[in-house]
Amino acid sequence: AQSVTQLGSHVSVSEGALVLLRCNYSSSVPPYLFWYVQYPNQGLQLLLKYTSAATLVKGINGFEAEFKKSETSFHLTKPSAHMSDAAEYFCAVSEGFQKLVFGTGTRLLVSP
Amino acid sequence: DGGITQSPKYLFRKEGQNVTLSCEQNLNHDAMYWYRQDPGQGLRLIYYSQIVNDFQKGDIAEGYSVSREKKESFPLTVTSAQKNPTAFYLCASSTLGNEQFFGPGTRLTVL
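Here goes a summary of the coordinates provided. (Residues numbered from 1 in each chain as written. Chains lettered and ligands numbered in written order. Predicted model: local features only at pLDDT ≥ 70, side-chain atom pairs only at ≥ 80, totals over all residues. Heavy atoms only, no water.)

## Focus on the overall build of chain B
Piece 1. Along its length, chain B carries 0 helices and 11 strands.
Piece 2. Mapped in sequence order, the helices and strands of chain B form the string β-β-β-β-β-β-β-β-β-β-β.
Piece 3. For chain B, the C-alpha radius of gyration of 13 Å lies close to 13 Å, the compact-globule estimate for 111 residues.
Piece 4. Across its three principal directions, the C-alpha atoms of chain B cover 35 × 25 × 25 Å.
Piece 5. Across the 111 residues in chain B, those meeting the buried criterion constitute 49%.
Piece 6. A sequence separation of at least 24 residues applies to 53% of the contacts in chain B between residues at least 6 apart.
Piece 7. Approximately 5,400 Å² of chain B is accessible, and the part contributed by carbon and sulfur atoms is 48%.
Piece 8. Considering chain B, the positive charge centre built from 11 side chains and the negative charge centre built from 11 side chains are found 8 Å apart. (Helix = DSSP H or I, 4+ residues; strand = E, 2+ residues; numbered from the N terminus. Rg over C-alpha atoms; globule rule 2.2 N^0.38 Å. Buried < 20%, exposed > 50% of the residue type's maximum accessible area, 1.4 Å probe, protein only. Contact = heavy atoms within 4.5 Å. Areas by Shrake-Rupley, 256 points an atom, 1.4 Å probe, with all protein chains shown as cover. Lys, Arg positive; Asp, Glu negative; His and termini not counted. Charge placed at Lys NZ, Arg CZ, Asp CG, Glu CD.)

Below is the structure:
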């Protein structure tokens, strides 16, 4: 069965600092992996996706993630945090794009 | 504008009542999904449908029902059998083999 673990329910950074949100997955077949962002009382917006092409995936708003099969990880990074990045971030895994399995989410707090 | 709409944004229900949440998409997507979101638990799949007039149970289908009579619409009914229905409900859609797009959500509160 597929599963996703997001380490840290809350991550705090200063504006301009590196953002690192961790995601580890479990899958019996080569996975498809996703990062979504959610602002308060809104739906989810796709940040980026990994579909077995390039292991370093670039997304919107300056975010990127690297697929590391040996570590079963897909961590999300951004070199310099902006106040507008404050939101909740979800990592998800699927086999063939159907039936996404989500992690429990990480809330990113950005301080001035 | 193409997208997914959910209505209402906020919904209040008395215990013992059934309520129906609306989800409409004009993206011409074949597949549609319903998720439930609770604090600290991420999103959990309730039902999904890959074609009209067909749908499958997700991980937490008990106490919920759906229909898919039209490609654009996938309403979710929260029945009185659902023990703890207070949550944020998200609808999503996709073309088969591609990523899911989400609606803005409906927050259901049981009084």
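## Looking at the pattern of salt bridges
Piece 1. Summed over all chains, the structure comprises 7 salt bridges over all chains.
Piece 2. Glutamate 99 of chain B is the salt-bridge partner of lysine 49 of chain A, the closest N and O atoms lying 2.6 Å from each other. Of this pair, lysine 49 of chain A sits in strand S6 (residues 44-50) while glutamate 99 of chain B sits in the loop between strand S9 (87-94) and strand S10 (101-102), each in a different chain.
Piece 3. We note a salt bridge from aspartate 30 of chain B to lysine 71 of chain B, for which the minimum N-O separation is 3.5 Å. Separated by 41 residues along the polypeptide, aspartate 30 of chain B in the loop between strand S3 (19-25) and strand S4 (31-37) and lysine 71 of chain B in the loop between strand S7 (64-66) and strand S8 (76-78) bring together distant segments of the chain. (Salt bridge = Lys/Arg side-chain N within 4 Å of Asp/Glu carboxyl O.)

## Points about the interface of chain B and chain A
Piece 1. In this assembly, 23 residues from chain B lie in contact with 17 residues from chain A.
Piece 2. Across the chain B to chain A interface the summed buried area is about 1,700 Å²; carbon plus sulfur atoms make up 51%.
Piece 3. Where chain B packs against chain A, one counts 1 salt bridge.
Piece 4. Across the contact surface, chain B and chain A share 5 residue pairs in polar contact (both at pLDDT 80 or more).
Piece 5. A total of 4 residues in the side of chain B that touches chain A trace back to one element, the largest contributor, which is strand S5 (residues 43-51) of chain B.
Piece 6. Of the residues assigned to the side of chain B that touches chain A, the class counts are 11 nonpolar, 9 polar and 3 charged. (Buried area = accessible area lost by both parts, 1.4 Å probe. Polar contact = N/O pair within 3.5 Å; in protein donor to acceptor, adjacent residues only side chain to side chain. Nonpolar A, V, L, I, M, F, W, Y, C, P; charged D, E, K, R; others polar.)

## Some remarks on empty space enclosed by the protein
Piece 1. With the rule as written, the count across this model stands at 1 cavity of 30 Å³ or more.
Piece 2. One number sums up the size of the largest cavity: a volume of about 30 Å³.
Piece 3. For the lining of the largest cavity, the residue count by class is 2 nonpolar, 2 polar and 2 charged. (1 Å grid on protein atoms, 1.4 Å probe; cavity = no way out; pocket = protein on both sides within 12 Å on 5 of 7 lines; lining within 4 Å. Points joined across faces, edges and corners; volume = space filled by probe spheres on them.)

## Topic: the state of the cysteines
Residue and element names in this part refer to chain A.
Piece 1. As enumerated under the stated definition, the model contains 2 disulfides over all chains in all.
Piece 2. A sulfur-sulfur separation of 2.0 Å characterises the disulfide bridge that pairs cysteine 23 with cysteine 91. Note on the cysteine 23 and cysteine 91 pair: the S-S dihedral is about -65 degrees, so by sign convention the disulfide is left-handed. Residue cysteine 23 is found in the loop between strand S3 (19-21) and strand S4 (24-26), and its partner cysteine 91 is found in strand S10 (residues 87-95); the two are separated by 68 residues along the sequence. (Disulfide = S-S within 2.5 Å.)

## Focus on a nonpolar patch on the surface
Piece 1. A cluster of nonpolar side chains, namely Tyr10, Phe12 and Leu111 of chain B, defines an oily patch on the protein surface of about 370 Å² accessible area.
Piece 2. Along the polypeptide, leucine 111 of chain B turns up in the segment after strand S11 (106-110). (Patch = residues over 30% accessible without salt bridge, like charges linked within 9 Å, V, L, I, M, F, W, Y side chains within 5 Å.)

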